[in-house]
Amino acid sequence: GGLRGATVIDALDTLYIMELEEEFQEAKQWVEKSFDLNVNGEASLFEVNIRYIGGLLATYYLTGEEVFKSKALELGEKLLPAFNTPTGIPRGGSLFSPCSGMSWSWGWASAGSSILAEFGTLHLEFLHLSQLSGNPVFAEKAKHNPSLVCVVCALSQVMNIRRVLSRVEKPQGLYPNFLSPVTGSWVQHHVSIGGLGDSFYEYLIKSWLMSDKRDSEAKKMYDDALEAIEKHLVKKSAGGLTYIAEWRGGILDHKMGHLACFSGGMIALGAEHGTGDRRQRHMELAAEITSTCHESYTRSDTRLGPEAFRFEAGSEAMATRLSERYYILRPEVVESYMYLWRLTHEPKYRLWGWEVVQALEKYCRVEAGFSGIRDVYTTTPSHDNMQQSFFLAETLKYLYLLFCEDDVLSLEDWVFNTEAHPLPINHTDFKA
Ligand code: DMJ
């Protein structure tokens, strides 16, 4: 049950950017003819927003074709019931039924708490949904379909999230990962720039950039959060590797997840627009973190990085637990290479990206596509038989952009959502 076609929709803009015209037309036809939004089953608010809505919006902005806009708006409308909680913050693992529009959460994902990276990763897409639904051309169409007008509510929903976050006290300036959707207070003090926290920080700096630097509230929240992270979580290992640890009620866990490796790119992007010694310091921090993530790749036999690596018991930038040795085609490390390349033009980032291309070919390519592997520390890894949709949306797109000229989706004009779907800055409409 649930929505189908995640890979098709996540890959649309990649196909378009790579000029794979035939494949793009095939995917577009699928969206027009077979993408059914009124299916039974359940879908996740967070995943649908970043993969489906992000993918449809980006493809609309790249091509100007109405079908992508109207599907994004229709789907956006279905997400709105998830905000019906006492604080207006969606519950963790929030699900909705595409057919009835009902929203619920099973609770096991977060014991009923809201998750920072989930409710903090709506702003970019919801802003576009809201603006597109207010567009006079679309408003005319919406007259015949009144439910679409409601997407305007999207803006007030995400602005409310900001309000709740600005009121709550932050321990040492840090944002914990779990918040009660009932009281608006933190539920426990686990802080991480990797899973559960990651894209919340990303959406702060990108909200500011996407607003053409007018959303100063987002910029201040980002600056303050990064300052607290620098002060409390950034560490250097005995071997000289810089990493961002996790924080559990004041105690540091010297671990970085693969997910946390996106932060090299994010910090570089923020530094690019920073001033004074902060700019220099943040650019260095971004480069050091990216280099540590590269180490997690080069220290494995496959030259692909594990799901998590630690700095403990004489081990640095390597997985120390069996359960953390897998690689599921994640993009975060090549994402940082792409940003660092674009912002510094140091050739090592292209070399590092090329190492990943070769490793993917060698260890992950299978007959029907690419597959994750269960252990990066063996040259005969077994496959998990899964090609995650983010492999086409993100990993391949970032690798492609790493080797393109800077004016292909220039960072001056576009921000990438957390699933690598490009959204235009200040709504400059390039093609439509
Ligand atoms: C993607 O779906 C997004 O990047 C998300 O923010 C977290 N990570 C996965 C890929 O690893």
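Residues numbered from 1 in each chain as written. Predicted model: local features only at pLDDT ≥ 70, side-chain atom pairs only at ≥ 80, totals over all residues. Heavy atoms only, no water.

Draft legend 1. Summary view of the pairing of strand 14 (residues 315–318). The pairing of strand 13 (residues 308–312) with strand 14 spans 3 bridges and is classified as antiparallel. Paired with Phe311 across the bridge in strand 14 is Glu316. Following strand 13, the chain reverses through 2 residues before pairing antiparallel with strand 14; Ala313 in that reversal takes a positive phi of roughly 45 degrees. (Pairing = 2+ DSSP bridges. Helix = DSSP H or I, 4+ residues; strand = E, 2+ residues; numbered from the N terminus.)

Draft legend 2. How the structure looks around the sheet that holds strand 3 (residues 103–104). An order of 1-2-3 is seen for the 3 strands of this open sheet, with the pairing classed as antiparallel. The sheet is open, and its two borders are formed by strand 1 (43–44) and strand 3, each paired with just one other strand. As paired strands, strand 1 and strand 2 (residues 95–96) are joined by 2 bridges and run antiparallel to one another. Bridging from a neighbouring strand, Ser44 pairs with Leu95 of strand 2.

Draft legend 3. Fine view of the packing of aromatic side chains. For the coordinates displayed, the defined rule picks out 18 aromatic pairs. For the pair Phe35 and Tyr52, a centre-to-centre distance of 5.8 Å together with 15 degrees between the ring planes defines the contact as stacked. Residue Phe35 is located in the loop between helix 2 (21–34) and strand 1, and its partner Tyr52 is located in helix 3 (residues 45–63); the two are separated by 17 residues in the primary sequence. Seen in terms of ring centroids, Tyr175 and Trp186 are 6.2 Å apart; in terms of plane orientation they differ by 85 degrees. Their pairing is edge-to-face. In this pair, Tyr175 sits in the loop between helix 8 (153–167) and strand 5 (178–179) while Trp186 sits in strand 6 (residues 186–188), placing the two residues 11 residues apart along the sequence. Trp186 shares its class with Tyr175; the two are buried. Chaining the aromatic ring pairs together yields one cluster made of Tyr175, Trp186, Phe200 and Tyr201. Sitting above the plane of the Trp208 ring, Lys219 keeps its charged end 4.9 Å from the centroid. (Phe/Tyr/Trp six-rings, centres within 6.5 Å; stacked < 30°, edge-to-face > 60°. Buried < 20%, exposed > 50% of the residue type's maximum accessible area, 1.4 Å probe, protein only. Lys NZ or Arg CZ within 6 Å of the ring centre and 35° of its normal.)

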